[in-house]
Amino acid sequence: MPDDSAKSPKLSLRCLGCSREYAPPAIRCPRCKEPLLRTEYAKTDFAPIERDGIFKFSDWLPPRETVDTPIGPLVYRSDRLAERLGLKRLYIAFNGYAPSVGAMNMTGSFKDFEAFPSILYMREHGAESVILASAGNTARAFAYAGTLLDFPVYIVAPEAMANHLWVPIVPSDSIRLIVVAGSNDYTLAIELAGLIADRFGIPPEGGVRNVARRDGMGTVILEYARTVGAIPQHYFQAVGSGTGAIAAWEASIRLLRSGRFDGDLPRLHLVQNAPFTPIHDAWTHGIPIRPDLDVEAQLSRIREVRADVLANRDPPYGIHGGVADALRDTDGCTYAVTNDQIKSAEALFAEAEGIPTGPEGGAALSALTEAIETERVKLDDSVLLNITGNEDALLKRDYTIHRLKPWLTLRPGKVSKDGVKRLEPYFRTD
Ligand SMILES: *Cc1c(COP(=O)(O)O)cnc(C)c1O
């Protein structure tokens, strides 16, 4: 097939600092450095195609190529939970694995929405492998997609989370797990992944800078628009980095610009698990986010939280296009909920909807309960509750699970330029 990509680019990337435009796969504006780049697609109309899975939104995803997969966001109108809460228009985005409602995300969280688009996009731009740090769900999503697409993925994870890394297929040999021994610190894993990426020239997945990640996660809002024919007034999500929330904001902007929808941007309601709530503390109490300060105290709070995938010490909060901008632009608000509140919300969800949710879904629901009590949400407002993932019981029921085995283990003290230099033999490509 002739490649017309030079003539008709599918997208460009706009710097949110200086508004200059770049061609893919840029991940930073060379002048502004810090601000995010945002995708602008040639097709501005919202016209999802009839197809299963996430690539029904292919027009607004960075790669040209698509994959047949049932993975994708699922939005349905709630009856029972809505009734329990007194809400008239509650929609649930169930982004875990629950065949009974048609949610077929094979690693059980909305990280599945970023893995396929990211790998395809990177591969189209010449990458031969990718490295990422993950506290769990991103690693699983990439291990799964990397196996299906036969693409090498280096995963760096703290040991405390490495035990949860499994996929419902036999992972390919080119899925390589690098473990930071005795650590529960996701931020340290991020640092190590960065060092390895620099030293051995392995393209980083990019975290919040990865537009395929953001646009993949943004499909939750697109799916709401597709099924409901509108943009929700409120969006509830449990956040760690806040990338999913930024994505929801960006997707909503894109939908409004399509001219097909009335109304305003959805109000973002972002929730974290006390006692570790840096985004909430920054937004609600003006406490600066300092990943470098009192690290031990932060780690000990992290050990206490039920929803440990939310424990990110260094979220992209203050940068142009980051979490604070998203909250400002949407008149958003944040919440801190306790383990006990999360547990009761998990029970309420399972009982009312008949599907198990994970603690992140529980956290989002507990924030919704609070928002109803404080009348931030009115009973006839439209609400999208993002259940970002569920516990693994259903996946384990339906599939044989395969753990990722460590390919390399490193002590936290070795996470340094020098420590990484000694890993040369592992990454030699000859
Ligand atoms: C990653 C994750 C989140 C948090 O998403 P961010 O976009 O990183 O804030 C919430 N829930 C689940 C299940 C996740 O895997």
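Everything below is about the structure shown above.
Quantities reported herein were computed from a predicted structural model and do not represent experimental measurements.

**Quick notes on the overall build of the protein chain**
Part 1: The helix and strand inventory of the protein chain stands at 16 helices and 17 strands.
Part 2: In summary, the protein chain has a C-alpha radius of gyration of 20 Å against a globular reference of 22 Å for 430 residues, a match within 12%.
Part 3: On the principal axes, the C-alpha backbone points of the protein chain span a range of 60 × 55 × 45 Å.
Part 4: For the protein chain, with 430 residues in total, the buried portion stands at 59%.
Part 5: Taking all contacts inside the protein chain whose residues are at least 6 apart in sequence as the whole, residues at least 24 apart take part in 72%.
Part 6: A total of about 17,800 Å² of accessible surface is found on the protein chain, and carbon and sulfur atoms cover 47% of it.
Part 7: The average position of the 49 basic charges and that of the 55 acidic charges among the side chains of the protein chain differ by 4 Å.

**Notes on the site of the ligand**
Part 1: The immediate surroundings of the ligand are formed by 17 residues, with Lys-111, Ser-241, Gly-242, Gly-244 and Thr-388 found nearest.
Part 2: In the model, a nitrogen atom of the ligand is placed 2.7 Å from a nitrogen or oxygen of the Thr-388 side chain.
Part 3: Against a free-state accessible area of 380 Å², the protein chains account for coverage of 96% of the ligand.
Part 4: Most atoms of the ligand, that is more than half of them, are within 2 Å of grid points of the largest pocket.
Part 5: Among the elements of the structure, β12 (234–238) and α8 (243–257) are those that each provide at least two residues to the shell around the ligand.

**Focus: the nonpolar core**
Part 1: Judged by nonpolar contacts, the single largest core of 123 residues is most densely connected at Leu-81, Phe-94, Ile-155, Leu-368 and Leu-385.
Part 2: Per-element tally for this core: the top contributor is α8, with eight residues.
Part 3: What Leu-385 contacts, discounting residues up to four positions off in sequence, is Leu-81, Leu-90, Tyr-91, Ile-92, Ala-93, Phe-236, Ala-364, Leu-365 and Leu-368.
Part 4: Core analysis: the next-biggest nonpolar cluster, separate from the first, contains 24 residues, Leu-195, Ala-197, Leu-423 and Phe-427 among them.

**Let's talk about unusual backbone geometry**
Part 1: Of the consecutive residues Pro-24 and Pro-25, the connecting peptide bond is found in the cis state with omega at 5°.
Part 2: Relative to the helices and strands, Pro-25 resides in the loop between β2 (21–22) and β3 (37–41).
Part 3: Looking along the chain, the bond that leaves Ala-274 and enters Pro-275 is cis, with omega of 10°.
Part 4: Topologically, Pro-275 is positioned in the loop between β13 (267–273) and α9 (278–285).
Part 5: One non-glycine residue, Lys-33, adopts positive backbone phi at about 65°.

**Concerning the packing of aromatic side chains**
Part 1: By the definition in use, this model includes 13 aromatic pairs.
Part 2: For the ring pair Phe-200 and Phe-427, a centre distance of 4.5 Å and an interplane angle of 10° mean the geometry is stacked. Here Phe-427 lies in helix α16 (residues 424–427) and Phe-200 lies in helix α5 (residues 186–200), a separation of 227 residues in the sequence.
Part 3: A residue is classified by how much of its surface remains accessible, and Phe-427, at 8% relative accessible area, is buried.

**What about the pairing of strand β1 (residues 11–15)?**
Part 1: Burial of β1 is extensive: four of the five residues sit out of reach of the surface.
Part 2: Sheet analysis places β1 next to β3, joined by five bridges and oriented antiparallel. Following the sheet pairing, Cys-15 is matched in β3 by Leu-37.
Part 3: In the sheet, β1 pairs with β2 via two bridges, with the strands oriented antiparallel. Counterpart to Arg-14 in the pairing with β2 is Glu-21.
Part 4: The hairpin formed by β1 and β2 contains five residues between the paired strands, and Ser-19 there has a positive phi angle of roughly 70°.

Rules of the game
Residues numbered from 1 in each chain as written. Predicted model: local features only at pLDDT ≥ 70, side-chain atom pairs only at ≥ 80, totals over all residues. Heavy atoms only, no water. Helix = DSSP H or I, 4+ residues; strand = E, 2+ residues; numbered from the N terminus. Rg over C-alpha atoms; globule rule 2.2 N^0.38 Å. Buried < 20%, exposed > 50% of the residue type's maximum accessible area, 1.4 Å probe, protein only. Contact = heavy atoms within 4.5 Å. Areas by Shrake-Rupley, 256 points an atom, 1.4 Å probe, with all protein chains shown as cover. Lys, Arg positive; Asp, Glu negative; His and termini not counted. Charge placed at Lys NZ, Arg CZ, Asp CG, Glu CD. Near = heavy atom within 4 Å. Polar contact = N/O pair within 3.5 Å; in protein donor to acceptor, adjacent residues only side chain to side chain. 1 Å grid on protein atoms, 1.4 Å probe; cavity = no way out; pocket = protein on both sides within 12 Å on 5 of 7 lines; lining within 4 Å. Sits in = over half its atoms within 2 Å of the grid points. Core = buried A, V, L, I, M, F, W, Y, C linked by side-chain atoms within 4.5 Å. Phe/Tyr/Trp six-rings, centres within 6.5 Å; stacked < 30°, edge-to-face > 60°. Pairing = 2+ DSSP bridges.

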